[in-house]
Amino acid sequence: MDATAVAIALKHAHTRTGSSVELLKRAFIDALIYDQCRYPGRATELDYYLAIASAVRDRLVQRWVNTIQTYSQQDVRVVCYFSAEFLLGPHLGNNLLNLGIESEAIQAMQELGLTPQSILDEEEEPGLGDGGLGRLAACYMDSLATLQIPAIGFGIRYEYGSFDQSIRDGWQVETTDKWLQWGNPWEIARPEGAVVVNFGGHTEPYQDGRGYRVRWIPGRVVKAVPYDTPILGYRTNTVNTLRLWKAEAVDSFNFNAFNVGDYLGSVLDKVNSENISKVLYPNDEDIKGKELRLEQQYFFVSASLQNLIRAHLRLGRPLNQFGAKWAIQMNDTHPSIGVAELMRLLVDEHCMPWDEAWEVTKRSLGYTNHTLLPEALEKWSLPLFQSLLPRHLEIIYEINRRFLDEVKIKFPGDGERLRRLSLIDETGERYVRMANLAAVGSHAVNGVSKLHTELLERDVLHDLYEMYPERFSNKTNGVTPRRWLALANPGLAKLITSRIGEGWVTNLDELRKLEQHVDDAGFRAEWRQTQGEVKGKLADYIRKKTGVTVDSASIFDIMVKRIHEYKRQHLKVLHIITLYNRIKRDPLAHVAPRTFLFGGKAAPGYSMAKLIVKLINSVGETVNNDPDVGGRLLVVFLPDYNVSFGQRVYPAADLSEQISLAGKEASGTGNMKFAMNGALTVGTLDGANIEIRQAVGAENFFLFGLTADQVRDLPSAGYHPRQYYESNPELRLALDGLAAGQFSRGDQALFRPLLDSLLRTDAYMLLADYQSYIDCQDKIREAYLDQDRWVRMSILNTARMGWFSSDRAVLEYSRDIWDTKPVSVELADLSPETTGP
Ligand code: NBG
């Protein structure tokens, strides 16, 4: 390589690195012409977005290359975050923020005659997740990079992410999310890093010099191709990698089939293989028997582990030190097949003795649980497992045999316990219990809020906890203040910075300094005005999107999250109906103007959740169009809730609805995003609500409802929802109205399934919590009248939310589970003398 020539070339590459307004303008136009092959006169906003995105990606490249170089030269310990979901949200705005070139880029766009917001809005966000679990993974990736902790995220490059939702006649309609259709300027394909993943077939024992061994003869082979996305930290040189695997056929064209004239058959293998990374499975849907889902899980886990072992050996390190180098975190049970796969790779492929391999596996792996719903704990039927992963099933049997021996020693003569703990559920049809596998094969198990971890230890994973108490710990979730405050709410961010400086962006505890300003009337006025502006912006957006005019002086009462019975969107609806009935009874009733904003997707196969969507829209239609209401109540369902939508709504909320039945929500993270932006919470003592309430102060939080302990004790005392119905006139009126078709144009059958479920079993105890919720909402109405007090409470919420930064959470994982250290990356130029051949 001619070093001088390369150096000269690099010198002239400054349109790919500089970030002055002039250089950015040049870079944008360069990319438009040379990457997009468009001339400015013909370019659409999408063309400009793609050009600008690629120019901005260029500005990450030097840091990215330097980061990779630093990690390999210093042989650092690396976090490997295994997750079936990464709900990243749009990249462009975030990367501009983290690079610190937002204002230059905006100016450059304006000087080119573009409207920056419209350009940003062109980005089709990668919706590679269903909700909180995937978004948490994205927040943690942001924090890891910002904290300069070496990390790789491993997941699946779904061709279609979470479905697009629209509303027709009040019902949810799903369409395919074609996020890749215009290309993805943020990723780099690495076909040279492809690995092969096997499925099916059978196993064969054989003998070699080392004794009894097993060989897996697979029935089907798929290629996993990595696509890398840079994850830049906030104002750091650290750019970590998110590596997502795409499934391809090993031979995309079967020539044998082709030669015998079977044209269709010749591409069938390609189609079948590619199906694996085609589509993200919806949360909250029964995945039992969904073979493709298990294929997806094994696909990305096997590819990632093979990748890590290859990297490890390339570094020249012995495999028995694998666990010292890689801290693999399993985000829920989706990657838990990793326990058996790592054992297989070490024992079968790399000839490591079982005991040694088991130590390596446990040392490498950690497991985070994200749910308290027993039906959401994954289990796979034995026949399915056997046909897809025959060798893994044998390995699981062996792990189980040894594990149960351990149990027998610790708890002799306790056959019941053995049955409960076994990795194989034999109570009916036989299943592999993935949570048990994950916990047995890890050195650390954690829940995601204090209550959640307590309930895991006490109920859901109680036997595992008694077996390995030292493995369990709590890591309460956190969210990144970069995206959720600095980027989403620039007005408030600026106001905060004007008083306390900008240190809060990377040290969120500094928000506490805002408390010193809470008595400053001028500051409170600015706070209120800023929030008013944000509400106005959301009102404009709603008008544009739905044609509905929203009064931005009304209380913005917002509930956005997956639609699920345990989250109780329908309890919120009962409140709306109650207010409506009060107006109908007395049109002069004191009802403060409120806008009820809902957003969220229902799993396509979850009919009750879909009926709740319909319910919200039906009640909205009646309430919004009734002249007696006079605009005091307005119900809006904003379709297609996603990350960018979240960035608009969290900052605009006065009131955040966190009303799940206590003991059901593992943590919640939307609750944190709202409170950080100064919304007050109405909530139950569930998940992280409890810790939020403790942090912001009970007097700044609207609490209602049963506690988790009361919920647990109620059924045994005999829970009779009808008693509540019969003894509570307002509740009865609301439910009777629904039954009579008051909100469904006389259709009495429409909401019958919902009413039946509430009046018969009411598994999520809406009726028990109803009165307490209504009373609480009445208090909220009064509190809102005292605007000055409300603003104080709002400021105090923001000021005291520092602890809920994902930086804090990641540091706890790093300290207690991963044992990782920050590594600073020097920005070195990329000339050949420094990068080597
Ligand atoms: C979700 C929980 C939330 C929690 C997120 C992130 C799953 C399986 N779990 O309460 O329901 O905040 O995980 O931990 O999606």
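Data block above holds the structure.
Residues numbered from 1 in each chain as written. Predicted model: local features only at pLDDT ≥ 70, side-chain atom pairs only at ≥ 80, totals over all residues. Heavy atoms only, no water.

1. What to know about the site of the ligand
Around the ligand sit 15 residues in total, of which H370, N477, E665, S667 and G668 are the nearest. One nitrogen or oxygen atom from the side chain of H370 is found 2.6 Å from an oxygen atom belonging to the ligand. Side-chain polar atom of Y566 to an oxygen atom of the ligand: 3.2 Å apart, as the coordinates give it. Protein chains shield 93% of the accessible area of the ligand, which is 370 Å² for the free molecule. (Near = heavy atom within 4 Å. Polar contact = N/O pair within 3.5 Å; in protein donor to acceptor, adjacent residues only side chain to side chain. Areas by Shrake-Rupley, 256 points an atom, 1.4 Å probe, with all protein chains shown as cover.)

2. Section: the pattern of salt bridges
The final tally for this structure, using the stated rule, is 71 salt bridges. One salt bridge connects R317 with D75, and the closest N-O pair in it is separated by 2.9 Å. With R317 in the loop between α10 (291–314) and α11 (322–325) and D75 in the loop between α3 (45–74) and β1 (78–82), this residue pair connects regions lying 242 residues apart in the sequence. As a salt-bridge pair, R344 and E341 come within 2.9 Å of each other at their nearest N and O atoms. Here R344 and its partner E341 are both found in helix α12 (residues 338–349), 3 residues apart, which amounts to about one turn of the helix. Overall, R344 belongs to the buried group, its relative accessible area being 4%. When its relative accessible area of 0% is taken as the criterion, E341 is described as buried. A single network of salt bridges, built from pairs that share partners, joins D355, E398, R401, R402, D405 and K408. (Salt bridge = Lys/Arg side-chain N within 4 Å of Asp/Glu carboxyl O. Helix = DSSP H or I, 4+ residues; strand = E, 2+ residues; numbered from the N terminus. Buried < 20%, exposed > 50% of the residue type's maximum accessible area, 1.4 Å probe, protein only.)

3. A look at the sheet that holds strand β21 (residues 594–599)
Strand order in the open sheet made by the 6 strands is β22-β21-β20-β23-β24-β25, with parallel pairing throughout. One side of each edge strand has no neighbouring strand; the edge strands of this open sheet are β22 (633–637) and β25 (702–703). As judged from the 4 bridges shared by strand β23 (residues 655–658) and strand β24 (residues 680–683), these two strands associate in the parallel manner. The partner of E657 across the bridge, within β24, is V682. (Pairing = 2+ DSSP bridges.)

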